[in-house]
Amino acid sequence: MAFTEPRIRTLLAQAARNAEYGKNAAAESTYRQILSEAPDTAEAWLGLAGVVGGATEKRAAFERALELAPDLPAAIAGLARLDGRPVPPEVEAALAAAEAEKNPPEPEPEIRTDMVEESTAPHVGEASEVLFCYRHPDRMTALRCYSCGRPICGSCAVKTPVGYICPQCRREAEDAFFNSRPLDYLVAALVSLTISLLAGYLIVHYLRGGFLFFFLIFFFGGAIGGAIGRITKRAIGGRRGRYLPGLVVAMMILGVAIPAWPIILAVLMGNLGGLLSLIGPAIYLFVAGGAAYWQMR
Ligand SMILES: [Zn+2]
Ligand SMILES: [Zn+2]
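Figured I'd write up the structure that's included with this text. Sequence positions are assigned chain by chain, starting from 1 and proceeding in written order. Chain letters and ligand numbers both follow the written order, the letters beginning at A and the numbers at 1. This being a predicted model, a pLDDT of at least 70 is required before a residue's local features are given, and a value of 80 or more before pairs of side-chain atoms are given or counted; all residues contribute to the totals for chains, interfaces and linings. In computing side-chain properties, one takes all heavy atoms of the structure into account and sets aside hydrogens as well as water.

A closer look at the nonpolar core
Piece 1. For the purposes of this section, nonpolar cores are sets of buried Ala, Val, Leu, Ile, Met, Phe, Trp, Tyr and Cys residues that join through side-chain atoms within 4.5 Å. Buried means the residue's accessible area, taken with a 1.4 Å probe over protein chains only, is under 20% of the maximum for its type, while exposed means over 50%, and partly exposed covers the values in between. Membership of the largest hydrophobic core comes to 24 residues, with the highest contact counts inside it found for Tyr-31 and Ile-34.
Piece 2. The helix and strand labels rest on DSSP assignments: H or I over at least four residues marks a helix, E over at least two residues marks a strand, and numbering proceeds from the N terminus. Sort the elements by how many residues they give to this core and helix H3 (residues 42-51) lands first, with six residues.
Piece 3. Working rule for contacts: check all heavy atoms of both residues, and any pair within 4.5 Å makes them a contact. Sequence-distant contacts of Tyr-31, that is, excluding residues within four places in its chain, are made with Leu-12, Ala-15, Ala-16, Glu-43, Ala-44, Gly-47, Leu-48 and Val-51.
Piece 4. Of all hydrophobic cores here, the second largest spans 22 residues; its members include Ile-203, Val-248, Ile-263 and Met-296.

Thoughts on the coordination of the zinc ion (ligand 1)
Piece 1. Counted as donors are N, O and S atoms no farther than 2.8 Å from the metal, or 3.2 Å for Na, K and Ca; water is not among the atoms, and sites may therefore look incomplete. Protein-derived coordination of the zinc ion (ligand 1) comes from Cys-145 (SG), Cys-148 (SG), Cys-166 (SG) and Cys-169 (SG), at a distance range of 2.2 to 2.3 Å.
Piece 2. Coordination at the zinc ion (ligand 1) comes from four donor atoms whose angles at the metal span 103 to 117 degrees, giving a geometry best classed as tetrahedral.
Piece 3. Donor residues for the zinc ion (ligand 1), ordered by position in the chain, follow C-x2-C-x17-C-x2-C. With Cys-148 in the loop between strand S2 (140-141) and strand S3 (158-160) and Cys-166 in the loop between strand S4 (163-165) and helix H8 (167-177), this residue pair connects regions lying 18 residues apart in the sequence.
Piece 4. Accessibility expressed as a relative area gives 25% for Cys-148, which makes it partly exposed.
Piece 5. Residue Cys-166 is classed as buried on the basis of its relative accessible area, which comes to 0%. For four-coordinate sites, all angles between 85 and 135 degrees define a tetrahedron; for four- and six-coordinate sites, opposite donors beyond 155 degrees with the remaining angles between 65 and 115 define square planar and octahedral shapes respectively, and all other cases count as irregular.

Re the packing of helix H11 (residues 244-257) against helix H13 (residues 274-296)
Piece 1. Between N-to-C directions, angles cover 0 to 180 degrees, with each direction set by a line fitted to C-alpha atoms, over the stretch in contact for helices. Close contact between H11 and H13 brings their axes to 9 Å; oriented N to C, the two are set at 155 degrees. Of the possible angle classes, the one that applies to H11 and H13 is roughly antiparallel. Where H11 crosses over H13, the handedness of that crossing is right-handed. Residues Leu-244, Pro-245, Gly-246, Val-248, Val-249, Met-252, Ile-253 and Val-256 of H11 form the contact with H13, whose own contacting residues are Pro-281, Tyr-284, Leu-285, Ala-288, Gly-289, Ala-292, Tyr-293 and Met-296.
Piece 2. Looking at side-chain class alone, the contact of H11 with H13 contains 14 nonpolar, two polar and no charged residues. The labels follow the angle: roughly parallel below 35 degrees, roughly antiparallel above 145, roughly perpendicular from 65 to 115, and oblique for the rest. Handedness of each helix crossing follows the sense of rotation of the near helix against the far helix: counterclockwise by less than a right angle gives left-handed, clockwise gives right-handed. Throughout, the ten residues Ala, Val, Leu, Ile, Met, Phe, Trp, Tyr, Cys and Pro are labelled nonpolar, Asp, Glu, Lys and Arg are labelled charged, and all others, Gly among them, are labelled polar.

A word on the packing of helix H2 (residues 24-37) against H3
Piece 1. Interaxial distance between H2 and H3 falls to 9 Å at its minimum, and their mutual angle equals 155 degrees. In terms of orientation, H2 and H3 fall into the roughly antiparallel class. The interaxial crossing formed by H2 with H3 has left-handed handedness. Taking contact as the criterion, the partners of Asn-24, Ala-27, Glu-28, Tyr-31, Arg-32, Ile-34 and Leu-35 in H2 are, on H3, Glu-43, Ala-44, Trp-45, Gly-47, Leu-48 and Val-51.
Piece 2. Residues of the contact of H2 with H3, tallied by class, amount to eight nonpolar, two polar and three charged.

Here we look at the coordination of the zinc ion (ligand 2)
Piece 1. At this site the zinc ion (ligand 2) is bound by Cys-133 (SG), His-136 (ND1), Cys-153 (SG) and Cys-156 (SG), with donor distances of 2.0 to 2.3 Å.
Piece 2. If you look at the zinc ion (ligand 2), its four donor atoms make angles of 98 to 115 degrees with each other, and the shape they trace is tetrahedral.
Piece 3. Counting gaps between the donor residues of the zinc ion (ligand 2) yields the pattern C-x2-H-x16-C-x2-C. Taken together, the residues Cys-133 in the loop between strand S1 (131-132) and S2 and Cys-153 in the loop between S2 and S3 connect sequence positions 20 residues apart. Cys-153 carries the same exposure label as Cys-133, and that label is buried.

Take it as geometry only, folks, not as evidence of what the structure does.
Here it is as structure tokens:
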């Protein structure tokens, strides 16, 4: 699929946001995704240079950005800093100017939807344009989506660190973030169920009750869950899916429920003594499930 210009801009903004938040791996993956579709995107090479680890890779990315945009100040400065050379003053000045343009004094951070909706006439002589939400043509607004540029009203706009975004662009950005393939769900289910059954069997059959056990479960439950999450994620090539974390937790619950089924059945039949031996597995699921969920995100 060829990337459209707005799509590239959405992805660039998303990657920049991740980089800003220190999520370099996520930013790198998005930059590479852009470059695989649009290898001539200088901004993506520049962004990539900022988030890759090795100096060689950084240099290569800066150089590629400069080949595409020979006077990109951030690339000139980045390469100079990488080499330990002083940054030319005119480049510094260009960078400062770009920074000032990027962060203008915030005009009106509060969205007052009630006021926007109530006012019937545009304020005469005001500099800001009168716009109407593209999703609610009867609502006036002064906001635009930073990604597609279309006007959006206060109830449609979603605030992000780089500006307001419309629901459609947000969905697109999320779809780019969730890059899993249908087969990943099957692989993730099989891998996580296999390990979860093994862990569940050991916990249900060999480590019943006892204070020491509860203590150990608190300590190792997180490690076990984290390992299940990591192994599963590796098995699907590190891709992310909207429902993958939930799927893995469901498999972990199955991994305990299947070996514990005779006990669960006995409890359901009224033998409440079995409840005691389910406390440990329940704690395990709580601690390990949380860790696995977090790993899969
Ligand atoms: Zn938009
Ligand atoms: Zn709206």
